[in-house]
2 protein chains.
Amino acid sequence: MRATLMYKSGDVRVVEVPEPELREATDAIIRVTHACVCGSDLHPYHDLGDTPEGRRMGHEAIGVIEQIGTDVSTLAIGDTVIVPFAWSDGTCAFCQDGVTTSCVHGGFFDGASSATQAEKLLVPQADGTAVKIPAGTDESFMPSLLTLSDVYLTGYHATIRGEVGPGKTVTVIGDGAVGLSAVLASKQLGAETIILMGRHTARTDLGREFGATHVVAERGEEGVAKVREITGGEGSHVVLEAVGHMPAYEQAYGIIRPGGTISRVGVPQYEDAPVGFGSLFGKNVTLTGGPATVRAYLEAAIPQVLDGTIDPGRVFDRELPLDDIAEAYRLMDDREALKVLIRP
Amino acid sequence: MRATLMYKSGDVRVVEVPEPELREATDAIIRVTHACVCGSDLHPYHDLGDTPEGRRMGHEAIGVIEQIGTDVSTLAIGDTVIVPFAWSDGTCAFCQDGVTTSCVHGGFFDGASSATQAEKLLVPQADGTAVKIPAGTDESFMPSLLTLSDVYLTGYHATIRGEVGPGKTVTVIGDGAVGLSAVLASKQLGAETIILMGRHTARTDLGREFGATHVVAERGEEGVAKVREITGGEGSHVVLEAVGHMPAYEQAYGIIRPGGTISRVGVPQYEDAPVGFGSLFGKNVTLTGGPATVRAYLEAAIPQVLDGTIDPGRVFDRELPLDDIAEAYRLMDDREALKVLIRP
């Protein structure tokens with residue numbers, strides 16, 4: 001079958017690989033009908049060293065079940081399912097807490113031997129991982145449903161961990177698809193003021209449609225000053241950080257209100273960061289976030305898409321066949337596209 | 001009057017200084033009846049450079065009002081009051097949020113020109129800062145009431161920010177007076193399992209009386225392994241970090257359960273720390289805490305002391321006159337005393 005491999009920074013190719021085979025009785029194999037390129041795929045696209053064997057890419061998918069292991073009981077061949085970016089058994093203590101990304105039998109498709117930018121996908125812990133879409137769901141819903149495998153629910157995770165709610169001022173750092181999703185989720189949760197920090201007008205315009213009340217194009221100290229001005233000098237109750245680079249982190253603690261919460265969902269491209277008296281501690285600031293526990297939110301989100309409450313699929317502004325996925329990476333890297341949907 | 005000054009690491013003296021005078025109409029001056037030495041006073045005791053003019057010491061006090069400015073309306077001369085370690089106006093947006101340590105007219109006695117290890121104390125923003133003790137309160141309650149100026153309510157702050165509650169496993173790092181206070185507060189809030197990490201038996205014995213269900217004397221990796229064993233390999237829902245040094249921080253993220261909360265009240269003796277995928281982010285760990293918003297909790301805590309619900313004053317195991325305060329520092333630094341009460 002055809003699958004996407006990255007061999008080094010900027011070198012993405014579609015190549016023939018062996019079809020996946022069931023390994024565990026809890027596995028399933030799906031034929032991928034919808035996949036996409038994630039903002040986080042651009043991190044290795046920028047800095048992956050020479051990888052002669054290639055790195056399998058992609059961690060977002062909708063597909064149709066083709067095979068199931070003997071222990072899979074909730075799914076049947078022919079079901080259309082959403083597969084989140086991490087697999088999880090749904091039964092361990094951490095899954096029961098809702099922290100599905102820390103499942104004791106879990107893992108991440110990103111960097112794994114099976115990945116979604118391909119014709120077929122091995123889904124470990126299929127009962128716990130994959131969620132059925134109602135039979136007969138119209139194709140027009142698929143882009144929004146696909147965002148439930150990662151991007152929309154990652155934005156939503158930021159808002160949940162950040163305790164966004166009515167009356168709160170929320171600032172979203174980053175106008176990528178996750179940042180825009182965080183704006184949409186903040187609006188859903190009743191945030192009063194939603195400040196979107198981003199400089200790409202096409203993106204921030206969609207952010208306004210999703211619910212942003214203010215857009216701040218400035219960065220660094222100027223951006224911090226602007227947000228402080230909008231908030232009457234008091235800072236933002238919640239900051240949702242959807243970038244992952246240190247300047248975004250620094251911006252976050254510059255604009256946070258004393259006692260407020262910085263919620264990160266941009267995968268940190270750093271390990272150490274300021275947390276002492278001068279950054280977080282002195283202002284009683286809470287730092288939270290992590291890999292989105294998408295699976296814990298998925299069942300509740302599907303009906304919201306199907307009844308039209310949310311339309312997060314609007315983040316897709318391009319669509320390409322699998323064979324052209326290298327172009328999808330390029331479009332996103334050059335910011336010519338916000339997010340590209342792939343049809344294997 | 002006599003006041004305590006520190007001139008460099010290890011050099012604490014009681015010297016004559018001018019009496020404080022009212023500067024603002026919102027000030028009050030109290031005659032200090034009870035003060036004490038704080039674990040955080042030991043930080044400059046270890047590392048203060050040469051300070052020829054001396055640094056005024058002390059930030060915990062009970063005293064009797066001697067003078068009030070013309071705008072002070074809720075206090076009268078002769079009132080006995082508790083003064084928290086930070087002053088605050090009680091009216092600004094942050095005070096209304098309960099984040100009194102970020103008051104726009106606030107400040108910290110620690111390092112200020114007025115400090116509590118002295119015969120008299122200037123209290124800025126007296127209406128917002130000082131809280132009356134009922135007239136006629138028995139002297140036997142004073143040690144416990146004095147802990148409400150900092151140490152007990154700092155432990156309590158850790159539990160509130162850490163969302164300690166019924167069914168939770170809580171680990172307290174540090175067997176100093178704040179750590180033991182955090183144990184007592186966790187017990188009050190219904191924590192099911194309370195693990196105290198500390199190696200000083202006299203202290204951990206008091207910790208057991210305050211509610212610790214387990215004591216772990218090991219540190220570093222061994223300590224982490226021990227807590228993981230006690231928690232069935234899952235880690236602790238909440239970690240209350242009452243030390244402030246990097247090894248305690250590292251211990252905290254080693255023992256935290258995925259999705260759990262590390263709440264810091266030990267003043268960080270570092271600015272940068274691990275927060276990336278390998279420490280906090282990957283496990284969806286929340287980092288919270290800061291200078292305790294003691295003032296926000298004070299009114300509710302006084303009746304708990306007076307009706308015997310809590311007896312946090314048990315952390316005082318020595319009492320000395322002001323003139324012997326250098327000995328109090330030495331006793332605490334050498335761990336011969338847990339916390340020393342001072343009578344100016």
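Owing to the predicted nature of the structure, the values given are computational and were not obtained by experimental measurement.

### Considering the packing of aromatic side chains
Okay, step 1: With the rule as written, the count across this model stands at 18 aromatic pairs over all chains.
Okay, step 2: For the ring pair W87(A) and F109(A), a centre distance of 5.0 Å and an interplane angle of 65° mean the geometry is edge-to-face. Placement of W87(A) in strand β7 (residues 86-87) and of F109(A) in the loop between β8 (107-108) and β9 (120-123) is noted, with a sequence separation of 22 residues between them. Across this residue pair, the class does not change: W87(A) and F109(A) are buried.
Okay, step 3: In textbook terms, an aromatic cluster arises when at least three aromatic residues are bridged by ring pairs, as seen for F85(A), F108(A), F277(B) and F281(B).
Okay, step 4: The ring of Y7(B) has R13(B) lying over it, and the distance from NZ or CZ to the ring centre is 4.1 Å.

### As for the domain arrangement of chain A
All names here are of chain A.
Okay, step 1: By the assigned domains, chain A splits into domain 1 (2-150 + 293-343) and domain 2 (152-289).
Okay, step 2: For domain 1 versus domain 2, the distance between C-alpha centres works out to 26 Å.
Okay, step 3: Listed as interface residues are 21 residues of domain 1 and, on the opposing side, 22 residues of domain 2.
Okay, step 4: Regarding the contact of domain 1 and domain 2, the summed buried area is about 1,800 Å², with carbon and sulfur atoms giving 62% of it.
Okay, step 5: Broken down residue by residue, the surface that domain 1 buries against domain 2 is led by Y297, R314 and L338, which jointly contribute 33%.
Okay, step 6: Counting across the domain 1 and domain 2 interface gives one salt bridge.
Okay, step 7: The partner of R314 in a salt bridge is E209, and the shortest N-O contact between them spans 2.4 Å.
Okay, step 8: There are eight residue pairs in polar contact (both at pLDDT 80 or more) connecting domain 1 and domain 2.

### Overview of the side chain of S102(A)
Okay, step 1: Structurally, S102(A) is set in the loop between α2 (93-97) and β8.
Okay, step 2: Aside from chain neighbours lying at most four places away, what touches S102(A) is F94(A), P258(B), G282(B) and K283(B).

### Some details on the sheet that holds strand β2 (residues 11-16) of chain B
Backbone hydrogen bonds are what pair the strands of a sheet, in a parallel or an antiparallel way.
Okay, step 1: The sheet built from three strands is open, its strands ordered β2-β1-β4 (chain B) with antiparallel pairing. Among the strands making up the open sheet, the edge pair consists of β2 and β4 (55-56) of chain B.

### Section: the sheet that holds strand β4 (residues 55-56) of chain A
Residues and elements named next belong to chain A.
Okay, step 1: Pairing in this open sheet of three strands is antiparallel, and the strands run β2-β1-β4 from one edge to the other. Looking at which strands have only one partner, the edges of the open sheet turn out to be β2 (11-16) and β4.
Okay, step 2: Of the pairings in the sheet, the one linking strand β1 (residues 2-8) to β4 comprises two bridges and is antiparallel in character. Counted as the bridge partner of M6 is R55 from β4.

The rules we used
Residues numbered from 1 in each chain as written. Chains lettered and ligands numbered in written order. Predicted model: local features only at pLDDT ≥ 70, side-chain atom pairs only at ≥ 80, totals over all residues. Heavy atoms only, no water. Phe/Tyr/Trp six-rings, centres within 6.5 Å; stacked < 30°, edge-to-face > 60°. Helix = DSSP H or I, 4+ residues; strand = E, 2+ residues; numbered from the N terminus. Buried < 20%, exposed > 50% of the residue type's maximum accessible area, 1.4 Å probe, protein only. Lys NZ or Arg CZ within 6 Å of the ring centre and 35° of its normal. Domains from an automatic or database assignment. Contact = heavy atoms within 4.5 Å. Buried area = accessible area lost by both parts, 1.4 Å probe. Salt bridge = Lys/Arg side-chain N within 4 Å of Asp/Glu carboxyl O. Polar contact = N/O pair within 3.5 Å; in protein donor to acceptor, adjacent residues only side chain to side chain. Pairing = 2+ DSSP bridges.

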